[in-house]
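Each chain, written out:
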Amino acid sequence: MLFTSFKIVSLMVCVFAMVQTSICGDPDILGDFIAPAGVPINGSFFTFTGMREWVGQTGSPSYFQYLRASKDEFPALDGLSVSTILLGFRPGDVSPPHVHPRASELLLVVQGNLLVGFVDTNNKLYTSRLQTGDMFVFPKGLIHFQLNEDTENPAFSISSLGSASPGLILVPNNLFNTSATIDDRVMALSFKTNVSTIHLLEKALSTPYN
């Protein structure tokens, strides 16, 4: 059962603490926190309930799931250099190569197993196969991925990021499915292929990952 163990809650607290003290990415603020004008500041302001739907969840997600708490979803995080993402992988699911341009990411596997990795600026690949309870850090701004290699069982993970607004560049989608598609000739030359192949990729990536 997902997220029912006190040990998992404790590990999540440790993740937040590690990110807050070691890989924060946001500028320092001048007060204890940022209070938006006209918003009542009480305990509710510092509370986020958007993850409740996953508490006690069992079985496999019906599609590749993620629940995010950044400053957009949780305004109290603004300026506090931390956010979090919960990921649910169906058997065989992938979180495609992507980048968080403003944050490092610390991932904790809470159920199942994941193959994870990133590529550095020298084009060197670093990978690891994680089991439940294992952690892995993705350095800020580097392309990385997660894959559930298990074709029979789901996997779940918690990621904490060192920014309240980490950003997301989903590499396949940003290249082949932008609002204004990059010129096919540019793409064909860049990937050393032909325009027909680029069209096939654009068509395939026009549908979401689910």
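Residues numbered from 1 in each chain as written. Predicted model: local features only at pLDDT ≥ 70, side-chain atom pairs only at ≥ 80, totals over all residues. Heavy atoms only, no water.

## With respect to the sheet that holds strand β9 (residues 155-161)
Stage number 1. The sheet built from 5 strands is open, its strands ordered β1-β2-β9-β4-β7 with antiparallel pairing. A single partner strand is all that each edge strand has here, and the edge strands are β1 (65-69) and β7 (135-138). Each adjacent strand pair in this sheet contributes to an overall mean axis angle of 20 degrees, direction not counted.
Stage number 2. Bridge count between strand β4 (residues 105-111) and β9: 6 bridges; the pairing is antiparallel. Counterpart to Glu 105 in the pairing with β9 is Leu 161. (Pairing = 2+ DSSP bridges. Helix = DSSP H or I, 4+ residues; strand = E, 2+ residues; numbered from the N terminus. Axes fitted to C-alpha atoms, helices over the stretch in contact; angles between N-to-C directions.)

## Some words on a nonpolar patch on the surface
Stage number 1. A contiguous nonpolar surface patch, about 320 Å² in accessible area, is contributed by Phe 33, Val 39, Ile 41 and Phe 46.
Stage number 2. Position of Phe 46 relative to the elements: it lies in the loop between α1 (6-22) and β1. (Patch = residues over 30% accessible without salt bridge, like charges linked within 9 Å, V, L, I, M, F, W, Y side chains within 5 Å. Areas by Shrake-Rupley, 256 points an atom, 1.4 Å probe, with all protein chains shown as cover. Salt bridge = Lys/Arg side-chain N within 4 Å of Asp/Glu carboxyl O.)

## Points about the side chain of Gln 146
Stage number 1. When you line up the elements, Gln 146 lands in strand β8 (residues 143-147).
Stage number 2. Gln 146 gets classed as buried once you look at its relative accessible area, which sits at 0%. (Buried < 20%, exposed > 50% of the residue type's maximum accessible area, 1.4 Å probe, protein only.)

## A word on the pattern of salt bridges
Stage number 1. According to the stated counting rule, one finds 5 salt bridges in the structure shown.
Stage number 2. Residue Glu 73 is joined to Arg 68 by a salt bridge in which the shortest nitrogen-to-oxygen separation is 3.1 Å.
Stage number 3. Among the residues examined, Arg 68 registers a relative accessible area of 34% and is labelled partly exposed.

## Some points on the nonpolar core
Side chains that are nonpolar tend, in soluble globular proteins, to be buried together.
Stage number 1. Formed by 16 residues in total, the largest nonpolar core has its most connected members in Phe 89, Leu 107, Leu 114, Val 116, Leu 130, Phe 136 and Phe 138.
Stage number 2. Within the residue set of this core, elements represented by two or more residues are β2 (83-89), β4, β5 (114-119), β7 and β9.
Stage number 3. Those residues within four positions of Phe 89 in sequence are excluded, and the remaining contacts are Pro 61, Phe 64, Val 94, Ser 95, Leu 114, Gln 146, Asn 148, Pro 154, Ala 155 and Ser 157. (Core = buried A, V, L, I, M, F, W, Y, C linked by side-chain atoms within 4.5 Å. Contact = heavy atoms within 4.5 Å.)

## Regarding the sheet that holds strand β6 (residues 125-130)
Stage number 1. The strand order across the open sheet formed by 5 strands is β6-β5-β8-β3-β10, and the pairing between neighbours is antiparallel. Every other strand in the sheet has two partners, leaving β6 and β10 (169-170) as the edge strands with one partner each.
Stage number 2. Pairing of strand β3 (residues 94-99) with β10 involves 2 bridges; the strand directions are antiparallel. When the sheet's bridge partners are listed, His 98 is paired in β10 with Leu 170.

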